[in-house]
Amino acid sequence: MRAIQVLIILICFLCNMLDGMDVLIISYTAPAIAKAWSISPANLGIVFSSGLVGMTVGAIFLAPLADRFGRKPLMILAAVIMGTCIYLTSYSTDVNVLMIYRFISGLGIGTMMASTAAITAEYAPASTRDFWVSTVVAGYPVGAVLTGISSAKIIAENGWEHLFELAGLATFLVIPILFFFLKESDEFKAKAKPEDAKISALFTSEFKWSTWQLWSALFLSFTTLYFLMNWIPKLASNAGLSMELAIYSGTIFNLGAIVGIPVQGYFSTRFGLKKSIGVLLLITAVLLGIFGQFSGSNLILVVLFFLGFGVQGSFVGLYAVAARMYPTAIRSTGIGWAIGMGRLGGILGPILGGILVGLGLGMAESFLFFALPSLIAGIITLKISSQTIS
């Protein structure tokens, strides 16, 4: 690859690291916030979902503007929104203020993720595009893991508020990098820009059925994913682990993703995108279903690793499906709406998790409940009908 291709991919990887940090920070701080404010599981689930609502709105209504105005200005805007609101979250004094900051920061996160996937698809070599899109999005769990590794000590020594301050400042650092080094792709500059990015373009005869299939698979995958990402630390804490070990259980889940995402990209290049993603989702469903068999064993951590490997490797692969399915002129629109529909499932997952925890269900029972959406998502993925995807 040329130097400019490598540079753009590295910048997008960095942006997704910040995305992962800014999304998962609420999960890592949840036990401390719940203890300090005496928040019920149901209200904690709503806090988790408020950020996801913002990500959904950002992906659906802001990300498509990148097809009209360019990927660069939208990514800079996203970084400004993320950095400002993540930093201000440290000053939250009650659940309502926390929900507002999570929602607004979610606007930036949803916009950033769709834009990075689109520009990576345009810069990456055609023969390995799926691998590079997946690898760039792997920055997401890398950021989550680094946050998890450092959060236990930071929270213990300085409080949960300090973690949000550091995350906000780290996000601000990417703004000058985007301004000076990010370049629009030649492919994007050569295409006619739509006056407005309309969702109807995703439902022409060429894309209609495959769009519905992609949205359904993402909705179900995100339902499972965001339940796991947000509730693993709290469920582990409820199961008797110390707060520090509970946080690290979420880190192990995301370590699995770091390995699983590029492996999925490699498998997709070798065996086909749909087959690789579909099989990973089916394996994830099986692991969720049998999780209870490992209760009380150290093998739980191994299973959490492979759950991260499967569910995050597969959902990132669905981003690559969207990037390949839609042409340049509507790529950000297609990716943004696909992510937005997926995030609706992401909103539902933590809320369902809060209800299940409130009913007294433990990790094994909750995981069994979420095996079903993963199973159905795997079947749908194998059936995606787009001719541009093997």
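See the structure printed just above.
Keep in mind the model is a prediction, meaning the values are calculated, not measured.

Draft legend 1. Representation of the packing of aromatic side chains in the model. Taken as a whole, this structure holds 24 aromatic pairs when the rule is applied. Measuring from ring centre to ring centre gives 6.0 Å for F227 and F367, while their planes differ by 85 degrees; the resulting arrangement is edge-to-face. Residue F227 is located in helix α11 (residues 208-238), and its partner F367 is located in helix α16 (residues 363-369); the two are separated by 140 residues in the primary sequence. Under the relative-accessibility criterion, F227 is labelled buried at 0%. A relative accessible area of 0% means that F367 is categorised as buried. Over the face of the ring belonging to F179 we find K72, whose NZ or CZ atom lies 5.5 Å from the ring centre.

Draft legend 2. Seen up close, the packing of helix α1 (residues 3-37) against helix α2 (residues 41-62). The N-to-C vectors of α1 and α2 enclose an angle of 160 degrees; their axes lie 10 Å apart at closest approach. With respect to α2, the axis of α1 lies roughly antiparallel. Handedness of the α1/α2 crossing: right-handed. Taken together, the residues of α2 that come into contact with α1 (itself represented by V23, I26, S27, A30 and A34) are L44, V47, F48 and M55. Across the contact of α1 with α2, the residue classes break down as eight nonpolar, one polar and no charged.

Draft legend 3. Seen up close, the nonpolar core. In this structure, L178, L214, Y226, L307, V321 and F367 are the most contacted members of the largest nonpolar core, which totals 114 residues. Ranked by residues supplied to this core, first place goes to α1 with 16 residues. When residues no more than four places from it in sequence are discounted, the contact partners of L178 are I11, C15, K72, M75, I76, A79 and M112.

Draft legend 4. Structural context of helix α5 (residues 95-123). The terminal C-alpha atoms of α5 lie 42 Å apart, and with 29 residues this matches the ideal 42 Å at 1.5 Å per residue to within 8%. With respect to burial, α5 is a largely interior element, 22 of its 29 residues being buried. The opening residue of α5, the one whose side-chain oxygen lies 3.0 Å from the backbone nitrogen of N96, is D94.

Draft legend 5. Geometry of empty space enclosed by the protein. Under the criterion given, the structure shown has one cavity of 30 Å³ or more. Of the voids in this model, the largest cavity is the one considered here, and its volume is about 50 Å³. Residue lining of the largest cavity: V23, L24, I26, F48, G51, L52, M55, R102, Y226, M229 and N230, and that is the complete set. Mapped by element, the contributors of at least two residues to the lining of the largest cavity are α1, α2 and α11. Of all the elements, α2 adds the most residues to the lining of the largest cavity, at four residues. When the residues that make up the lining of the largest cavity are grouped by side-chain class, the tally is eight nonpolar, two polar and one charged.

Draft legend 6. Focus on unusual backbone geometry. Phi at S38 is positive, roughly 55 degrees, even though this residue is not glycine. Following the sequence through the fold, S38 ends up in the loop between α1 and α2. Taking relative accessible area as the criterion, S38 reaches 64% and is therefore assigned exposed.

Draft legend 7. Spatial organisation of the side chain of Q5. Positionally, Q5 belongs in helix α1. Here Q5 falls in the buried class, since its relative accessible area comes to 11%. In terms of polar contacts, Q5 uses its side chain to reach the backbone carbonyl oxygen of Y123, at 2.6 Å. Setting aside residues no more than four positions away along its own chain, Q5 makes contact with Y123, A124 and P125.

Draft legend 8. Representation of the environment of A323 within the structure. Along the chain, the position of A323 falls in helix α14 (residues 299-325). The spatial distance from the C-alpha of A323 to the C-alpha of L77 is 22 Å, given a sequence separation of 246 residues. Every residue in contact with A323, bar those within four places of it in the chain, is listed here: A117, A121, V133, R331 and I335.

How each quantity is defined
- Per-chain numbering applies: the sequence of each chain, read as written, is numbered from 1 onward.
- Only residues with pLDDT of at least 70 are given local features in this predicted model, and only at 80 or more are side-chain atom pairs given and counted; all residues enter the totals for whole chains, interfaces and linings.
- Heavy atoms throughout the structure, all of them, feed into the side-chain values; hydrogens and water do not.
- Each Phe, Tyr or Trp ring (for Trp, its six-membered ring) is paired with any other whose centre lies within 6.5 Å, and the angle between the two planes then decides the class: stacked below 30 degrees, edge-to-face above 60, tilted in between.
- Labels follow the DSSP assignment, with helices taken as runs of H or I lasting at least four residues and strands as runs of E lasting at least two, numbered in each case from the N terminus.
- Under the scheme applied here, a residue whose accessible area is under 20% of the maximum for its type counts as buried, over 50% as exposed, and between as partly exposed, the area being computed with a 1.4 Å probe on protein chains only.
- Whether a charge sits over a ring comes down to the Lys NZ or Arg CZ being within 6 Å of the ring centre and within 35 degrees of the ring normal.
- Axis lines are fitted to C-alpha atoms, over the contacting stretch for helices. Their N-to-C directions set the angle, which ranges from 0 to 180 degrees.
- Should an angle lie under 35 degrees it is considered roughly parallel, over 145 roughly antiparallel, and from 65 to 115 roughly perpendicular; all remaining angles are considered oblique.
- Note: crossing handedness is left-handed where the near helix turns anticlockwise from the far helix by less than a right angle, and right-handed where it turns clockwise.
- For this analysis, residues touch if any pair of their heavy atoms sits within 4.5 Å.
- Amino acid classes used here: Ala, Val, Leu, Ile, Met, Phe, Trp, Tyr, Cys and Pro are nonpolar; Asp, Glu, Lys and Arg are charged; the rest, including Gly, are polar.
- We call a set of buried residues a nonpolar core when its members are Ala, Val, Leu, Ile, Met, Phe, Trp, Tyr or Cys and they connect through side-chain atoms within 4.5 Å of each other.
- How far a helix is expected to stretch is found by multiplying one less than its residue total by 1.5 Å.
- Polar contacts, as counted here, are pairs of nitrogen or oxygen atoms within 3.5 Å of one another; within protein the pair requires one atom able to donate a hydrogen and one able to accept it, and residues that are adjacent in sequence qualify only if both atoms are side-chain atoms.
- Only protein atoms enter the 1 Å grid used here, on which a cavity is any set of points holding a 1.4 Å probe that cannot leave and a pocket is any open set flanked by protein within 12 Å on both sides along at least five of seven lines; residues with an atom within 4 Å of a point are listed as lining.
- Grid points are joined across faces, edges and corners, and a volume is the space filled by probe spheres set on the points.

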